[in-house]
Amino acid sequence: MSDETTAVEELSSAQAERELARLAMEISGHDQRYHTEDAPVISDAEYDALKRRNLAIEARFPDLKRADSPSDRVGGGVLEKFEKVTHKVAMLSLDNAFSEEDVRDFVERVRRFLKLDTKAPLAFTAEPKIDGLSLALRYEEGRLVTAATRGDGTVGENVTANARTIGDIPHTLKGSVPDVIEVRGEVYMTKSDFAELNRRQEAEGKQTYVNPRNTAAGSLRQLDTAITASRPLKFFAYAWGDTSGLPADTQLGVVECFAEWGLVVNPLMKRFDTVEGLIEHYRLIESERAELAYDIDGVVYKVDDLSLQQRLGFVSRSPRWAIAHKFPAEKATTVLKDIEIQVGRTGALSPVARLEPVTVGGVVVSNATLHNEDYIAGIGSDGQPIREGRDLRIGDTVTIYRAGDVIPKVMDVDLSRRPKDSMPYVFPETCPVCGSPATREVNEKTGRMDSVRRCTGSLICPAQAVEKLKHFVSRNAFDIDGFGAKQAEAFYLADLVKNPAEIFTLEARDAASMTKLKNRDGWGEQSAANLFAAIEARREIDLHRFIYALGIRHVGEGNAKILARVYHSARGFVDAMEAAVDHDSEAWNDLVNIDGIGPIVAQALVEFFAEQHNAAIVERLLGEVRPRDAEQVATDTAFSGKTIVFTGSLERMSRDEAKAMAERLGAKTAGSVSKKTDLVVAGPGAGSKLKKASELGIEVIDEDEWFTRIGE
Ligand code: IVH
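Residues numbered from 1 in each chain as written. Predicted model: local features only at pLDDT ≥ 70, side-chain atom pairs only at ≥ 80, totals over all residues. Heavy atoms only, no water.

Asks: Help me out: how do you make sense of the overall build of the chain in this one?
Replies: A tally of helices and strands in the chain yields 25 helices and 26 strands. Relative to the globule expectation of 27 Å for 712 residues, the C-alpha radius of gyration of the chain, 29 Å, shows essentially globular dimensions. Principal axes of the C-alpha set define a box for the chain whose edges measure 85 × 75 × 70 Å. Each of the 712 residues in the chain was classed as buried or not, and the buried ones make up 47%. Counting contacts in the chain only where the partners sit at least 6 residues apart, residues at least 24 apart contribute 67% of the total. Of the roughly 34,900 Å² of accessible surface on the chain, a fraction of 49% belongs to carbon and sulfur atoms. Charged side chains in the chain number 91 positive and 113 negative. The centres of these two groups are separated by 2 Å. (Helix = DSSP H or I, 4+ residues; strand = E, 2+ residues; numbered from the N terminus. Rg over C-alpha atoms; globule rule 2.2 N^0.38 Å. Buried < 20%, exposed > 50% of the residue type's maximum accessible area, 1.4 Å probe, protein only. Contact = heavy atoms within 4.5 Å. Areas by Shrake-Rupley, 256 points an atom, 1.4 Å probe, with all protein chains shown as cover. Lys, Arg positive; Asp, Glu negative; His and termini not counted. Charge placed at Lys NZ, Arg CZ, Asp CG, Glu CD.)

Asks: Got a minute to help me understand the packing of aromatic side chains in this structure?
Replies: Two numbers describe a pair of aromatic rings. These are the distance of the centres and the angle of the planes. Inspection of the entire model under this criterion finds 18 aromatic pairs. Considering the side-chain rings of Tyr425 and Phe427, the 6.2 Å spacing of their centres and the 85 degrees angle between planes classify their relative orientation as edge-to-face. On the basis of relative accessibility, which here comes to 22%, the residue Tyr425 falls in the partly exposed class. Through pairs of rings, three or more aromatic residues link up here, namely Tyr567, Phe573, Phe608 and Phe609. Looking at Arg387, its charged tip hangs above the ring of Tyr375, at a distance of 4.8 Å from the centre. It is Lys498 that lies over the ring of Tyr492; its NZ or CZ is 4.0 Å from the centre. (Phe/Tyr/Trp six-rings, centres within 6.5 Å; stacked < 30°, edge-to-face > 60°. Lys NZ or Arg CZ within 6 Å of the ring centre and 35° of its normal.)

Asks: Mind showing me how you'd approach the sheet that holds strand 10 (residues 296–303) here?
Replies: Each strand in a sheet pairs with another by means of backbone hydrogen bonds, the pair being arranged parallel or else antiparallel. Across the sheet, five strands lie side by side as 2-13-10-3-9; this open sheet has mixed pairing. Among the strands making up the open sheet, the edge pair consists of strand 2 (96–97) and strand 9 (270–272). Taken together, the two bridges between strand 2 and strand 13 (residues 322–326) define a ladder with parallel strand orientation. Counted as the bridge partner of Ala97 is His325 from strand 13. Running over the sheet, helix 3 (residues 100–114) touches strand 2, strand 3 (124–130), strand 10 and strand 13 and is turned about 175 degrees from strand 13. (Pairing = 2+ DSSP bridges. Axes fitted to C-alpha atoms, helices over the stretch in contact; angles between N-to-C directions.)

Asks: Hey, could you run me through helix 6 (residues 212–220) in this one?
Replies: One turn of the α-helix equals 3.6 residues, which is why residues spaced by three or four share an orientation. Residues Pro212, Thr215, Ala216, Ser219 and Leu220 constitute the buried set of helix 6. The arc that holds every buried residue of helix 6, seen down its axis, measures 125 degrees, which confines them to one face. (Arc of directions from axis to C-beta.)

Asks: Is there a simple way to think about the pattern of salt bridges in this case?
Replies: A side chain with one charge may pair with a side chain of the opposite charge, provided their charged atoms come close. With the rule as written, the count across this model stands at 41 salt bridges. Glu26 is the salt-bridge partner of Arg22, the closest N and O atoms lying 2.7 Å from each other. Taken as a pair, Arg22 and Glu26 lie in helix 1 (residues 13–36) at a separation of four residues, close to a single helical turn. The exposure class assigned to Glu26 is partly exposed, which follows from its relative accessible area of 28%. Through salt bridges with shared partners, a single network forms among Glu4, Glu19, Arg22, Glu26 and Arg53. (Salt bridge = Lys/Arg side-chain N within 4 Å of Asp/Glu carboxyl O.)

Asks: Looking at this structure, I do not really get the state of the cysteines. What am I missing?
Replies: In a disulfide, the sulfur atoms of two cysteines are held together by a covalent bond. Scanning all chains against the criterion turns up zero disulfides. Looking at the unpaired Cys431, the closest cysteine sulfur is the one in Cys455, lying at 3.7 Å. For Cys431, a relative accessible area of 2% translates into the label buried. (Disulfide = S-S within 2.5 Å.)

Asks: Explanation requested: the site of the ligand in the structure shown.
Replies: Close contacts around the ligand come from 13 residues, with Glu127, Ile130, Glu186, Tyr238 and Lys302 the closest. In the model, an oxygen atom of the ligand is placed 3.3 Å from a nitrogen or oxygen of the Ser134 side chain. Here a nitrogen atom of the ligand sits 3.1 Å away from a polar atom, N or O, in the side chain of Lys302. For the ligand, whose unbound accessible area comes to 520 Å², protein coverage reaches 87%. Those elements that provide at least two residues to the shell around the ligand are strand 3 and strand 10. Looking at the shell around the ligand element by element, the count peaks at four residues for strand 3. For the shell around the ligand, the residue count by class is seven nonpolar, two polar and four charged. (Near = heavy atom within 4 Å. Polar contact = N/O pair within 3.5 Å; in protein donor to acceptor, adjacent residues only side chain to side chain. Nonpolar A, V, L, I, M, F, W, Y, C, P; charged D, E, K, R; others polar.)

Asks: Looking at this structure, I do not really get the nonpolar core. What am I missing?
Replies: Across soluble globular proteins, nonpolar side chains show a tendency to be buried alongside one another. With 59 residues, the main nonpolar core has Ile503, Phe546, Leu563, Phe573 and Leu591 as its most contacted residues. Looking at this core, the element that brings in the most residues is helix 21 (residues 599–610), giving six residues. Among residues more than four places away in sequence, those in contact with Ile503 are Leu469, Phe472, Val473, Ile480, Phe483, Val497 and Ile535. By size, the runner-up hydrophobic cluster in this structure holds 34 residues, among which are Leu144, Leu173, Phe194 and Trp240. (Core = buried A, V, L, I, M, F, W, Y, C linked by side-chain atoms within 4.5 Å.)

Asks: Which parts of the structure should I look at to understand the sheet that holds strand 23 (residues 643–647)?
Replies: A sheet is described by the order of its strands in space; here four strands give the open sequence 24-23-25-26, paired in parallel fashion. Edge positions in the sheet fall to strand 24 (668–670) and strand 26 (699–701), since each has one partner strand and no second. The average angle at which neighbouring strand axes cross in this sheet is 30 degrees, direction not considered. Summarising the sheet, strand 23 and strand 25 (residues 679–682) pair through four bridges and their orientation is parallel. Across the sheet, the residue bridging to Phe646 is Val681, located in strand 25. In this fold helix 25 (residues 703–710) packs onto strand 23, strand 25 and strand 26, with an angle of close to 100 degrees to the strand it touches most, strand 26.

Asks: How do you make sense of helix 12 (residues 462–473) when you look at a structure like this?
Replies: Relative to the 16 Å expected for 12 residues at 1.5 Å per residue, helix 12 spans 17 Å between its end C-alpha atoms, a close match to the ideal helical length. Restricting attention to buried positions, one finds in helix 12 the residues Ala463, Gln464, Val466, Leu469, His471, Phe472 and Val473. (Expected span 1.5 Å × (residues − 1).)

Asks: Help me understand the packing of helix 3 against helix 9 (residues 275–288), please; the structure alone is not making it clear to me.
Replies: Helix-helix packing is described using two parameters, namely the angle between the two axes and the distance between the axes. At a minimum axis separation of 11 Å, helix 3 and helix 9 run at an interaxial angle of 140 degrees. Relative to helix 9, the crossing made by helix 3 is right-handed. Contact with helix 3, carried on its side by Glu100, Val103, Arg104 and Val107, involves Val275, Glu276, Ile279 and Arg283 of helix 9 and no other residues of that element. Among the residues forming the contact of helix 3 with helix 9, the class breakdown is four nonpolar, no polar and four charged. (Left-handed = near helix turned anticlockwise from the far one by under 90°.)

Next up, the structure:
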């Protein structure tokens, strides 16, 4: 009997191995045809049977599971980069309402604009505002031809291959459909799918994700379609762009047609004739929020009559005919059971509240940040009282809140419920991990004591060492696949990797050692081999990632990029930092004069390299890895050293592209206008920044002039 027809139970190990190889190839072929070419040659049921057989064999012979196992990979090809798609109709955003009064004002504004008196009928739809990312699906003759992300509203990315892997997105629409219709809606991930994905990531030692929305966005914008396909994404249709003709003349009518065509629409969408109706629906949705399968952050109201929508039009980037009524930040009351001190990478002692678990907006919260010593004592970062000076004590009943994706915070305390025997919290003055003194420095800028207390045992403190390692391998640093925070901690405790340089000698030491990684708990032949391969793959790394990975105080990604551009090579950077110890040197002078690098950052850099131990690790690291030289900054253009602000909508380039362009020309870009700004490039819809620029007398040019000046 051939391997293919042998029952899983009867396969020999050699047969199983051959079968797994065959299935991997066959399934990936079908994936390619289905996801990338949209031309499947077998039915879904046949495909599922192949996948099940593969899984069953892997379950019987776990050691034979292949690195390219189809159980881990679903989907088609890998793209080089996303193509750009210019939206025929711009993808706009919504204005916000934060109170019932704001909603009433909105309805009034609409009436006034349309010259409708208070009695005239005016209907609105109300529906949840899905916390995901918007996607435009272009159907021509009922067939999906392009899927594009919002991008900057004018130009998005072509993610068609990825969108095709989403079950809620039909490849063809049913029934009588206009020749051209661009359906718009929201891609999202359910709360439970998100939790499940994070559990898996954690089990595999990979980075976990912050929230369903970011995960959905990250999953959709994958160049490897297989990754998107493996993520459980969903889609609600709620709007449209370019079309050859609409099937109805009301908002609700069109959305009902969407449903008939096979798209998924939100069941909580309803039409109302009065503001009271809208608000009642808002309250209903709010009360069901925690039980909904997906995250929402408000309720969207839209004028139902499309001819009125047409008349209302847009103000800058949002329609006059719609508004998002946002939910307030969510709060809950619980008991502060304990305060734990965590020691960070730079020695900061961070207090964490251990809470009696409580549900806030559908998420169980059992930890919250307490920021620092002063925050617990009721003192703000400006030295002024917060919570009217009320301190926080273990045993207190506290209110916590969570807004969007931020870490939960402790907001206030109920003194009437404070236990009689409670004592003020005493913040430790020694490091709870290494016992070194923990001190508060005087902040040079304010002359006040820094609110953060730091462990002074930088070189001997294991907590700092572990945190430095975690930072080194983190997503924006070396980002080593399969070497996450969990592995960093485990390797450190097992004395396998005590510093970043040792990551790169792990394989050689493993080969020479008796106790091999593959024999350790949680590791096997394949996973150890995968890890070594992932480490190898990172020996070449962008210079800014290398600099950021060192974990120098005040050197985040932004500063790391500046330093990489200025110093160009790793050697140049290290030599300059070592020379800059001498404050009379040219090296120091150059360093403090870099735009964006002030004396505090400069001092932190110099201190880091002046520490023998650090310098030695950096040298060892440079013996192992090869940072790629950064693109040199032009220093001789009309823009070098200038600070430029882009504002309003740009038609010919995306905001990111504009920034990159300016930076290549040696300029710095900023998000807001200040006295330091040299030039403002303003597109249509520019508002407060433009006003500020004219108040400050800063030169303002439009996009065309920008292109003229840069000579394109
Ligand atoms: S209507 C012209 N309806 O919210 C505006 N948007 O803040 C068309 N969103 O970019 C958008 N749920 O990504 C609309 N039910 C809903 C929505 C919704 C979520 C998002 C959308 C938009 C953003 C605006």
